[in-house]
Amino acid sequence: MHPHTNADLHCHSTVSDGTLPPEVLAERAKANGVELWALTDHDEVGGQQRALEAARALGLPYLTGVEISVTFAGKVVHIVGLGFDHHDPRIVEGLRTTRGGRGARAKEMAEGLAQVGIRGAYEGALKYAGNPELISRTHFARFLVEAGHCADVPEVFRRFLTEGKPGYVPHRWAALGDAVRWITGAGGLAVIAHPGRYGFTPTEEYALITEFIAHGGRGIEVVTGSHTAADMVQYTDTALEFDLLASRGSDFHSPEESRVDVGRLGEHLSGRLKPVWNALEHRIHWPAHGPA
Ligand code: AMP
Ligand code: MN
Ligand code: MN
Ligand code: MN
């Protein structure tokens, strides 16, 4: 596949915190011109079979995907896994463990919000969670908008759901090495998601990348809906410096909330980069008629 393939290897469905079911997302990806797709729900592979079958029916080449929440240097880092066996018991079990804390965390978040006068946030957020095990800050944000506390989702995050704010509850997610091993152990490739979002110092970022590589991680997102143009230039250099494979994905969650639609990223990977999809050719689920 060409470096300028319209690959979208990062997006979310109702299986985590997106608003569209996997089948609807598959149709939207196809309609928007995606040529290689991966659904990467947070900490859950329960949507993979549905996405794969929907993609196959549409003639859309598919890679399995997931986005794993990791705690590194006291911050949350997201690791995308691509092209793994979604039935592999170690990744399935590992993800079940990391999801385990979300229910209790959500109740604590609701208590924090109740203290500033916002009632019923747990039940309200739960209504938005297609999968109660995956109840996330995004679902709280949607409820707070619906209940009229804020005008939009980003405002909820700013005022209520980020560090130091009343609805923020820190959580211990998976260890970096575990997340990478679940992915690679299941035959997949691990990718650092949206590196421009973490606000790491250069020293912290160097530690993240070198530890990630030491654990067997091989890729980094360069072109993503969460990067500015400057981030894309910076992480092109980072990928080259560390000889990492480059990935591309919208991080689409919802037609109402997301800045970039699935398949509608404005940028391609620089021709100097090695795309992750070249290393994953043997893991692509091709539609019935085989490679185009
Ligand atoms: P959680 O895994 O429950 O901590 O929720 C994290 C999710 O919240 C991310 O995957 C994003 O979808 C969303 N999110 C995080 N920060 C923001 C923000 N500043 N504005 C909008 N959505 C955000
Ligand atoms: Mn999300
Ligand atoms: Mn993310
Ligand atoms: Mn994401």
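Above this text you will find the structure in question.
Residues numbered from 1 in each chain as written. Chains lettered and ligands numbered in written order. Predicted model: local features only at pLDDT ≥ 70, side-chain atom pairs only at ≥ 80, totals over all residues. Heavy atoms only, no water.

### Observations regarding the overall build of the chain
The condition that has to hold: The way it works is that DSSP assigns letters per residue, a run of H or I at least four long becomes a helix, a run of E at least two long becomes a strand, and they are numbered from the N terminus. Radius of gyration here is computed from C-alpha atoms only, and the compact-globule reference equals 2.2 Å multiplied by the residue count raised to the power 0.38. Burial status follows relative accessibility: with a 1.4 Å probe on protein chains alone, a residue under 20% of its type maximum counts as buried, one over 50% as exposed, and anything between as partly exposed.
Looking only at helices and strands, the chain has 11 helices and seven strands in total. Relative to the 2.2 N^0.38 estimate, which gives 19 Å for 292 residues, the radius of gyration of the chain is 18 Å and therefore close to what a compact globule would have. Expressed along its principal axes, the backbone C-alpha trace of the chain runs to roughly 55 × 45 × 40 Å. Buried positions account for 55% of the 292 residues belonging to the chain.

### Brief notes about the packing of helix α4 (residues 102–114) against helix α6 (residues 137–146)
The following threshold applies: Here an axis means a line fitted to C-alpha atoms, over the contact stretch when the element is a helix, while the angle between two N-to-C directions is reported on a 0 to 180 degree scale. Each helix crossing is assigned a hand: it is left-handed if the near helix lies turned anticlockwise from the far helix by less than a right angle, otherwise right-handed if that turn is clockwise. Any pair of residues with heavy atoms lying within 4.5 Å of one another is described as a contacting pair.
Put simply, α4 and α6 touch, their axes get as near as 11 Å, and they point 35 degrees apart. For the pair α4 and α6, the sense of crossing is right-handed. From α4, R105, A106, M109, A110 and L113 reach across to α6, where they touch R137, F140 and L144.

### Examining helix α8 (residues 176–185)
Buried within α8 we find L176, G177, A179, V180, W182 and I183. Looking at the buried side of α8, the elements it contacts are β3 (65–72), β4 (75–82), α3 (89–99), β5 (189–192) and α9 (202–214). Once α8 finishes, G187 follows within two positions and takes phi at roughly 85 degrees, a positive value.

### Regarding the side chain of S254
Selection criterion: Any pair of N or O atoms that falls within 3.5 Å is considered a polar contact. Within protein, one atom must be able to donate a hydrogen and the other to accept it, and sequence-neighbouring residues count only if both atoms are side-chain atoms.
Along the polypeptide, S254 turns up in the loop between β7 (245–249) and α11 (276–279). For S254, the side chain forms a polar contact with the main-chain nitrogen of E257, separated by 3.2 Å. In this structure, S254 is in contact with T19 and R142, ignoring residues within four places of it in sequence.

### What about the coordination of the manganese ion (ligand 2)?
Definition in use: Note that water is not among the atoms considered, so a metal site may appear incomplete; the donors listed are N, O and S atoms within 2.8 Å of the metal, with 3.2 Å applied to Na, K and Ca.
Around the manganese ion (ligand 2), the protein supplies D17 (OD), H42 (NE2) and H253 (NE2) as donor atoms, at distances of 2.1 to 2.2 Å. All donors to the manganese ion (ligand 2) come from one chain, and their sequence spacing reads D-x24-H-x210-H.

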